[in-house]
Amino acid sequence: MVLDNKLIDRLIAAGQSHLIKFFDTLDEAGQQRYAAELAGIDWDLLQELIKSHVMQKPVIDLPEDLTPAPYFPLQPRSEAEKSYYLQADAAGEELLRTGKVAALTVAGGQGSRLGFDGPKGTYPIAPVSGKTLFQYFAESLLSASRKYNTTLHWYIMTSVVNDGATREFFADNNYFGMSRDQIHFFTQGFMPAIGYDGKLLMSSTGSLALSPDGHGGTLLALRKSGMLDDMKMRGIEFLSYFQVDNPLVPVVDKRFIGLHKLENSEMSAITLAKTNAFEKVGNFCVADNRLYVIEYSDLPEALATQVDENGQLKFIAGSPAIHVISRSFVERLTASGRLQLDWHRADKKIQCIDSNGQSVNVTEPNGVKLESFIFDALKLADKTMIFEADRKEEFAPTKNATGVDSVESCRAMLIDRDARRLERCGVTVPRRADGSPDVTVEISPLAIWDDEDCAEYVKKHQIHALDAGSVNYLV
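The model shown is predicted, which means the values in this text are computed figures rather than measured ones.

**Student:** Outline the overall build of the protein, listing residues and values.
**Tutor:** The helix and strand tally for the protein stands at 14 helices and 20 strands. Taken against the 2.2 N^0.38 rule, which gives 23 Å for 475 residues, the C-alpha radius of gyration of the protein at 24 Å falls within 12% of a compact globule. The principal-axis extents of the C-alpha atoms in the protein amount to approximately 75 × 55 × 45 Å. When each of the 475 residues of the protein is scored for burial, the buried share is 52%. When the accessible surface of the protein is totalled, it reaches about 21600 Å², and 48% of it is carbon and sulfur. Side-chain charges in the protein split into 50 positive and 65 negative, and the spacing between the mean points of these groups amounts to 2 Å.

Printed below as a string of structure tokens:
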């Protein structure tokens, strides 16, 4: 196979001729794969990013006059706001019933940090049944579909690393009861890793060192994969976005969706009250009538520690990466075929080969990975909305094997959430001295979607109390 002369000239002009040094040593199939890899790169964009993000460290210019972002509180503060929330409930339910809403899950990661070999979504997380993250979400969507007498579609962004394994997992499990037509897989985009000298790194003689382009890449991947067209064809207008490591998230929330619609928002966000001034979450801020998420490491201490007259943090609104996004907004942002989001630099230890094609023993950061964050789209939206949620009800990320934001803490929060739901329905749940449930309990999403369902279930099965130390699975 002969490389395209225009591509060769482009590589030479960009100072990247080393990328084709070993091309002639590859077999025909290898040459075809590598040529396609090289041809798929936006070289104009890459050259810009090398200059701005690799050859120099980008300076983070915070907007001037940052102020805390306003948000709708979890509990209405007035009768007027209570009435508005009821309107939002009705609007959200109507959108769900008429098929205007779909779920969108970012699931490109592996379970490496959990000590698990496989896509993170295939990790068993449920405290009694051992259901995986994917199964938990699938059953939640089936339950919501039943509740709203509709068929909710699910768009799942995988990565090149786990796409095949993810598709196989769903097929092997018969899509967890969902129709094959309801689930739509598409693959995340990648960016080349770049050495500190500005030259692209190679993972082998026939492949670049590639890394995912960040969860912001979801938006462009939706367009490139044809998923935006698929959504339009199905009449889907709004996307309920969440990440695969948070099983506590409501896969669709009628009030959140309804507020998004009533506020004519292009992109909306859930906020959680920060646990302290320096909690490692993004901060919702406003400047020049635009909504920003400022990372915890970038928010000046003087702002992070500001308090109001009641001693409460002013910048208290943290971001758990839960959104409602209008399809039309994604179409607008990606119309040029290029991702219109900021790029962020991460210095990493990148496995690569040297100029002789030999593997390098990497012990220190040797290059830059570039990624985009979906929250940066908020400042590009003409209208945004933030709605407060209860951390105990919506946020239990599974990022580590133990400790904070871990498998352990996630399972404990799932148990606690289900115990509270039963208590609201009149069931006595024994608790320890520290207030934690003295039981193990899991409610199958297939059995119960909301408190109304729970009340009916408890009445039907005549559940009055749980025994201390018991293991309970409501299915």
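**Student:** How would you sum up the packing of helix 4 (residues 79–97) against helix 9 (residues 254–262)? Please name residues and give values.
**Tutor:** Relative orientation of the contacting elements helix 4 and helix 9 amounts to 100°, with a least axis distance of 7 Å. Judged by the inter-axis angle, helix 4 sits roughly perpendicular to helix 9. Contacts between helix 4 and helix 9 involve Tyr84, Tyr85, Gln87, Ala88, Asp89, Ala91, Gly92, Glu93, Leu95 and Leu96 from the former and Lys254, Arg255, Ile257, Gly258, Leu259, Lys261 and Leu262 from the latter.

**Student:** Before we move on, could you go through the nonpolar core and cite the residues and values that matter?
**Tutor:** Formed by 64 residues in total, the largest nonpolar core has its most connected members in Leu19, Leu38, Trp43, Leu200, Leu222 and Phe284. The element contributing the most residues to this core is helix 3 (residues 43–54), with six residues.

**Student:** Explain the environment of Leu200 to me, and be specific about the residues and the numbers.
**Tutor:** Looking at the element boundaries, Leu200 is found in the loop between strand 6 (194–195) and strand 7 (202–204). The exposure class of Leu200 is buried, given its relative accessible area of 2%. Residues Leu200 and Ser17, spaced 183 residues apart in sequence, show a C-alpha to C-alpha distance of 9.9 Å. Ignoring any residue separated from it by four or fewer positions in sequence, one finds Leu200 in contact with Gln16, His18, Leu19, Ile41, Trp43, Leu46, Ile50, Pro192, Ala193, Ile194 and Leu208.

**Student:** Give a detailed account of unusual backbone geometry, specifying residues and quantitative values.
**Tutor:** Among all residues save glycine, negative phi is the norm, and among peptide bonds the norm is trans. If you check the backbone angles, Phe176 has positive phi at about 55° while not being a glycine. Mapped onto the fold, Phe176 is located in the loop between helix 6 (163–172) and strand 4 (183–187). For Phe176, a relative accessible area of 10% gives the class buried. One non-glycine residue, Gln462, lies in positive phi territory at about 50°. With respect to the element layout, Gln462 can be found in the loop between helix 14 (451–460) and strand 20 (471–474).

**Student:** How would you summarise the pairing of strand 12 (residues 282–287) if you had to cite specific residues and measurements?
**Tutor:** Both faces of the sheet carry side chains from a regular strand, because those side chains alternate between them. Across the six residues that make up strand 12, a large majority, six, are buried. Side chains Gly282, Phe284 and Val286 of strand 12 all project onto a buried face; the interleaved residues Asn283, Cys285 and Ala287 project onto the opposite face, where all are buried too. Bridge analysis of strand 1 (residues 67–68) against strand 12 gives two bridges, and the strand direction is antiparallel. Bridging from a neighbouring strand, Thr67 pairs with Val286 of strand 12. One ladder, built from two bridges, connects strand 12 with strand 14 (residues 317–319); its direction is antiparallel.

**Student:** Can you break down the packing of helix 13 (residues 407–424) against helix 14 residue by residue, with the values?
**Tutor:** Running from N to C, helix 13 and helix 14 point in directions that differ by 65°, and their axes come no closer than 9 Å. Between helix 13 and helix 14, the crossing angle belongs to the class labelled roughly perpendicular. For the element pair helix 13 and helix 14, the recorded crossing hand is right-handed. From helix 13, Arg421, Leu422 and Arg424 reach across to helix 14, where they touch Asp451, Cys454 and Val458.

**Student:** A description of the sheet that holds strand 6 should follow, citing residues and the corresponding values.
**Tutor:** Taken together, the three strands give an open sheet; going across it, the order is 6-17-16, and neighbouring strands pair in antiparallel fashion. Of all the strands in the sheet, just strand 6 and strand 16 (344–348) have a single pairing partner and so form its edges. In this sheet, strand 17 (residues 367–371) lies alongside strand 16 in antiparallel orientation, the contact comprising five bridges. In the strand pairing of strand 17, Asp347 is matched with Val368.

**Student:** Account for the packing of aromatic side chains, naming residues and giving values.
**Tutor:** What the rule picks out here adds up to 17 aromatic pairs. Where Phe134 meets Trp154, the ring centres are 6.3 Å apart and the plane angle is 65°; that geometry is what we call edge-to-face. With Phe134 in helix 5 (residues 133–147) and Trp154 in strand 3 (residues 153–158), the pair connects residues that are 20 residues apart, well separated along the chain. In this pair, the class of Phe134 matches that of Trp154, namely buried.

**Student:** Can you explain the pattern of salt bridges? Please cite residues and give values.
**Tutor:** One pass over the full model with this rule turns up 33 salt bridges. Note that Arg97 and Glu93 form a salt bridge whose closest N and O atoms lie 2.9 Å from each other. Remark: Glu93 and Arg97 occur in helix 4; sequence separation between them is four residues, near one turn of the helix. The class of Arg97 is partly exposed, set by a relative accessible area of 36%. With a shortest N-O distance of 3.9 Å, Asp382 and Arg332 are connected by a salt bridge. One end of the pair, Asp382, is in the loop between strand 17 and strand 18 (384–388); the other, Arg332, is in helix 11 (residues 327–333), with 50 residues separating them in the sequence. A cluster of three or more residues bridged by salt bridges with shared partners is formed by Glu393, Asp416, Arg420, Arg421, Glu423, Arg424, Arg431 and Asp451.

Reading the values: the criteria
- Going along each chain's sequence as written, the residues are numbered from 1 onward.
- Since the coordinates come from a predicted model, pLDDT governs what is reported: local features require at least 70, and pairs of side-chain atoms require 80 or more to be given and counted, while whole-chain, interface and lining totals use all residues.
- Calculated side-chain values reflect all of the structure's heavy atoms, with hydrogen atoms and water omitted.
- Each helix is a run of H or I in the DSSP string that is no shorter than four residues. Each strand is a run of E no shorter than two, and both are numbered from the N terminus.
- In this description the radius of gyration comes from C-alpha coordinates, and the expected globular size is given by 2.2 Å times residues to the power 0.38.
- Burial here depends on accessible area, computed with a 1.4 Å probe over protein chains only, as a share of the maximum for the residue type. Under 20% is buried, over 50% is exposed, and the range in between is partly exposed.
- In short, Shrake-Rupley with a 1.4 Å probe defines the accessible areas, and a residue's cover is counted only from the protein chains shown.
- In this count, Lys and Arg are taken as positive residues and Asp and Glu as negative ones, while His and the chain termini are left out.
- Charged side chains are reduced to one point each, which is NZ for Lys, CZ for Arg, CG for Asp and CD for Glu.
- To obtain an axis, a line is fitted to C-alpha atoms, over the contacting stretch when the element is a helix, and the angle between two such axes runs from 0 to 180 degrees between their N-to-C directions.
- An angle below 35 degrees is read as roughly parallel, one above 145 as roughly antiparallel, one from 65 to 115 as roughly perpendicular, and any other as oblique.
- The contact rule is simple, with two residues in contact once any of their heavy atoms fall within 4.5 Å.
- Nine residue types can take part in a nonpolar core, namely buried Ala, Val, Leu, Ile, Met, Phe, Trp, Tyr and Cys, and a core is a set of them joined through side-chain atoms within 4.5 Å.
- Two strands pair if DSSP finds at least two bridges between them.
- Working rule for handedness: look at the near helix, and if it is turned counterclockwise from the far one by less than a right angle, call the crossing left-handed; if clockwise, right-handed.
- Paired rings are identified among Phe, Tyr and Trp, the last through its six-membered ring, by centres lying within 6.5 Å, and are further divided according to the angle between planes into stacked (under 30 degrees), edge-to-face (over 60) and tilted (the rest).
- In the sections that follow, a salt bridge refers to a side-chain nitrogen of Lys or Arg positioned within 4 Å of a carboxyl oxygen of Asp or Glu.

From the geometry alone we can't say anything about function, so treat these as descriptive.
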